[in-house]
Amino acid sequence: MLISTDKGSGPVVVFLHAFPLDRRMWLGQIESLADMYRVIAPDLPGFGDSPLLAQPSIDAFADQVAEHLDDKDISQPVTLVGLSMGGYVALAFARRQPHRLAGLVLADTKAPPDDPAARAQRDQLIATVRRAGVTAIVDAMLPKLLGSSTQHARPEVVAATRQLASSQRSEGVIAALQALRDRPDATPHLQQIAVPTLVLVGEEDTITPPSIAQSLAQAIPGARLVVIPQAGHLANAENPTAFNDGLLTFLTGIS
Ligand code: MLT
């Protein structure tokens, strides 16, 4: 069972958040879209107000999103907007529930799984969170999550992101790190995505840089790529105006 924000009416757009955040990272999108769309932003399992899953995995997160739509009696196809970890979940949903999709927005994310070095780094982060709590990893992550423009000129975004990440529960963060570490390769399934797809990426994203976004867009039939200026990995929070423009142009084109 997931807890979500559910606002507005119209075609359904579901927002899936990044690690280690929760649905509050989408405030700048929810407010600007809810007069035209029904916007649903769940906390993924173990984050924010949603309970932990007994056996967390990216596929299980995607199934929880599908169940959440069932709980709300939403049977019409929806557009999924996933950023980074949310993008992994959106790709798993696209593979497992293709008939429930009307469109896909993949922001600051990628299809390949963790390589051995990345898996080892997840294990280190898990050990740090177990030993010293979530805040112990947040300050190390912030310079990667936010672009240099934000770090220099938008202290309020840095502070809000730090606060959001630090408020997560250790058990949820550990479970998600395990799910991220063990996630399957989504690359072989990209060719089968048959809905309109938009790939967004912050031009200063160092975790999933524009070159990776370009490969992702090239692998999905008909996908478009939009680069968000003056934004890093959390492009929606760093440059909401450009992010929302790109998103709305896409959404109005498909509905
Ligand atoms: C995220 O922002 O969700 C993370 O960068 C995902 C990851 O660590 O792979």
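Above this text sits the structure in question.
The text that follows walks through the structure, step by step, so that each part is easy to find. Owing to the predicted nature of the structure, the values given are computational and were not obtained by experimental measurement. (Residues numbered from 1 in each chain as written. Predicted model: local features only at pLDDT ≥ 70, side-chain atom pairs only at ≥ 80, totals over all residues. Heavy atoms only, no water.)

Section: the pairing of strand β7 (residues 224–228)
- One ladder, built from five bridges, connects strand β6 (residues 197–202) with β7; its direction is parallel. Looking at the pairing, G202 lines up with I228 of β7.
- In terms of handedness, the path from β6 via helix α9 (residues 210–219) over to β7 forms a crossover that is right-handed. (Pairing = 2+ DSSP bridges. Helix = DSSP H or I, 4+ residues; strand = E, 2+ residues; numbered from the N terminus. Right-handed = clockwise from strand over helix to strand, strands pointing away.)

Side note on the pattern of salt bridges
- The final tally for this structure, using the stated rule, is 16 salt bridges.
- Its salt-bridge partner being R183, residue D114 comes within 2.6 Å of it at the nearest N-O pair. Of this pair, D114 sits in the loop between β5 (101–107) and α4 (116–132) while R183 sits in the loop between α8 (170–181) and β6, and the two are 69 residues apart along the sequence. Each member of the pair, D114 together with R183, is buried.
- D139 is paired through a salt bridge with R162; the nearest N and O atoms lie 2.9 Å apart. Placement of the pair is D139 in helix α5 (residues 135–145) and R162 in helix α7 (residues 155–166), with a sequence separation of 23 residues.
- For R162, a relative accessible area of 35% gives the class partly exposed. (Salt bridge = Lys/Arg side-chain N within 4 Å of Asp/Glu carboxyl O. Buried < 20%, exposed > 50% of the residue type's maximum accessible area, 1.4 Å probe, protein only.)

So, the site of the ligand
- In the vicinity of the ligand, the residues found are A18, F19, S84, M85, Y88, R122, I207 and H233.
- One of the backbone nitrogen or oxygen atoms of F19 is found 2.7 Å away from an oxygen atom of the ligand.
- In this structure, an oxygen atom belonging to the ligand sits 2.8 Å away from a main-chain N or O atom of M85.
- Across the complex, the protein chains shield 93% of the 270 Å² of accessible surface that the ligand would expose by itself.
- Grouping the amino acids of the shell around the ligand by side-chain chemistry returns five nonpolar, two polar and one charged. (Near = heavy atom within 4 Å. Polar contact = N/O pair within 3.5 Å; in protein donor to acceptor, adjacent residues only side chain to side chain. Areas by Shrake-Rupley, 256 points an atom, 1.4 Å probe, with all protein chains shown as cover. Nonpolar A, V, L, I, M, F, W, Y, C, P; charged D, E, K, R; others polar.)

Some thoughts on the packing of aromatic side chains
- In this structure the tally under the stated criterion is three aromatic pairs.
- Ring centres of F19 and F47 lie 6.2 Å apart, and the angle between their planes is 90°; this geometry places the pair in the edge-to-face category. You can see F19 sitting in the loop between β2 (12–16) and α1 (27–33) and its partner F47 sitting in the loop between β3 (38–42) and α2 (58–71), a full 28 residues away along the chain. Across the pair, exposure class does not vary: F19 and F47 are buried alike.
- Through successive ring pairs, a cluster of aromatic residues spans F15, W26 and F243.
- Seen from the ring of Y88, R183 lies directly overhead, with NZ or CZ sitting 3.9 Å from the centre. (Phe/Tyr/Trp six-rings, centres within 6.5 Å; stacked < 30°, edge-to-face > 60°. Lys NZ or Arg CZ within 6 Å of the ring centre and 35° of its normal.)

Shape is all these values report; function is a separate question.
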